[in-house]
Amino acid sequence: MLFSPANCRQVPISKRSLVSPESALDYDGSLLSTSIFLQRAASMILEGIVTSRNQQGEFNIAPMGPVVNPEMSQFVLRPFQTSRTFSNLKETRCGVLHVVDDVLLLAKAAIGQLDEIPETFPAEKISGDVLQSACRWYEFEIESIDETQARTVMQATVVHQGRIRDYFGLNRAKHAVLEAAILATRTQLIKQSELETQYQALAEIVKKTAGPHEQTAFRLLEDYISKAYAEINS
């Protein structure tokens, strides 16, 4: 099954930063370097949501953008070592990647404001959880971990995949909320004036093309960003 480009963003060659001594499994089971993997994957980042649990069974949900190959048989995750996703995947070596179009869920997860755990059902090949609201899911196992940098390199192999429903389709407001969610996680890295300029451009898209869920998600992110900068500037 090919992945949909609707959730993907292209990575300029000058910004590729995943090359490491680690290796990934080739399609025939042999090993290849991460750099070769990225070339074959056309350096596509698929924005999605990863669910994971630690050895005590504690659940975590986090938006992530792994580098994927076209066949969706392998991908590379780069969680920070301080994240729960990293600690969970290091402990259990498995998780579930979801292709979603629910940007309200993605926005809430990005800024840590989920009111309750979304409805899930058990994964089929691993000990994990599949989001009921997802379009597709990919159960994966971690083949190798490089912890030499703050952002780790985790090579993952898909062991099972499934489909729940059709992807909604291309909608500019959904993509604008996705970009806004990414900005919301970078208030410590981007100057307020620069981020607000980018946010205003996204706001125009949401105003013109959003439905109720997208409008709610965008307002939630807007409020979060405003409070984040108020705290930074205090």
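Now for a quick tour of the structure. Owing to the predicted nature of the structure, the values given are computational and were not obtained by experimental measurement.

If you check the backbone angles, Met 72 has positive phi at about 55° while not being a glycine. Tracing the backbone through its elements, the reader meets Met 72 in the loop between strand E7 (67–68) and strand E8 (74–77). A residue is classified by how much of its surface remains accessible, and Met 72, at 1% relative accessible area, is buried. At Arg 93, a position not held by glycine, the phi torsion is positive, near 60°. Here Arg 93 shows up in the loop between helix H2 (84–92) and strand E9 (94–99).

For Thr 152, the location among the structural elements is in the loop between strand E12 (136–146) and strand E13 (153–163). Reaching out from Thr 152, the side chain makes a polar contact with the backbone oxygen of Pro 79 at a distance of 2.9 Å. Look past the residues within four positions of Thr 152 in its chain and what remains in contact with it is Leu 77, Arg 78, Pro 79, Gln 81, Phe 86, Asp 146 and Glu 147.

With that settled, the discussion passes to the pattern of salt bridges. Applying the stated rule across the entire model yields seven salt bridges. A salt bridge links Glu 147 to Lys 90, with the nearest nitrogen and oxygen atoms 3.2 Å apart. Residue Glu 147 is found in the loop between E12 and E13, and its partner Lys 90 is found in helix H2; the two are separated by 57 residues along the sequence. Exposure remark for Glu 147: the relative accessible area of 34% places this residue in the partly exposed category. Linking Asp 166 and Arg 163 is a salt bridge whose minimum nitrogen-to-oxygen distance equals 2.0 Å. By relative accessible area, Asp 166 is classed as exposed at 54%.

This part covers the layout of surface pockets. In this structure, the second largest pocket spans a volume of roughly 180 Å³. Along the walls of the second largest pocket sit Phe 59, Asn 60, Ile 61, Arg 84, Lys 108, Ala 109, Gly 112, Gln 113, Leu 114, Glu 116, Ile 117 and Pro 118, which together make up its complete lining. Secondary structure elements with two or more residues in the lining of the second largest pocket: strand E6 (59–64) and helix H3 (103–110). Looking at which element gives the most residues to the lining of the second largest pocket, the answer is E6, with three residues. Classifying every residue of the lining of the second largest pocket gives six nonpolar, three polar and three charged.

Attention now goes to H2. Every buried residue of H2 is listed here: Thr 85, Phe 86, Asn 88 and Leu 89. In this structure, the buried side of H2 is in contact with strand E5 (48–53), E6, E8, E9, E12 and E13. Count one or two residues on from H2 and you reach Arg 93, which has phi positive near 60°.

This part is about the pairing of E8. Burial along E8 is two-sided: the residues Gln 74 and Val 76 and Phe 75 and Leu 77 are all buried. Pairing of E7 with E8 involves two bridges; the strand directions are antiparallel. Looking across to E8, one finds that Val 67 is bridged to Val 76. Counted between consecutive antiparallel strands, the loop separating E7 from E8 contains five residues, among which Met 72 sits at a positive phi close to 55°. Sheet topology places E8 next to E13; four bridges connect them, and they run antiparallel. The partner of Gln 74 across the bridge, within E13, is Thr 157.

Each value, and the rule that gives it
- Residues numbered from 1 in each chain as written.
- Predicted model: local features only at pLDDT ≥ 70, side-chain atom pairs only at ≥ 80, totals over all residues.
- Heavy atoms only, no water.
- Helix = DSSP H or I, 4+ residues; strand = E, 2+ residues; numbered from the N terminus.
- Buried < 20%, exposed > 50% of the residue type's maximum accessible area, 1.4 Å probe, protein only.
- Polar contact = N/O pair within 3.5 Å; in protein donor to acceptor, adjacent residues only side chain to side chain.
- Contact = heavy atoms within 4.5 Å.
- Salt bridge = Lys/Arg side-chain N within 4 Å of Asp/Glu carboxyl O.
- 1 Å grid on protein atoms, 1.4 Å probe; cavity = no way out; pocket = protein on both sides within 12 Å on 5 of 7 lines; lining within 4 Å.
- Points joined across faces, edges and corners; volume = space filled by probe spheres on them.
- Nonpolar A, V, L, I, M, F, W, Y, C, P; charged D, E, K, R; others polar.
- Pairing = 2+ DSSP bridges.

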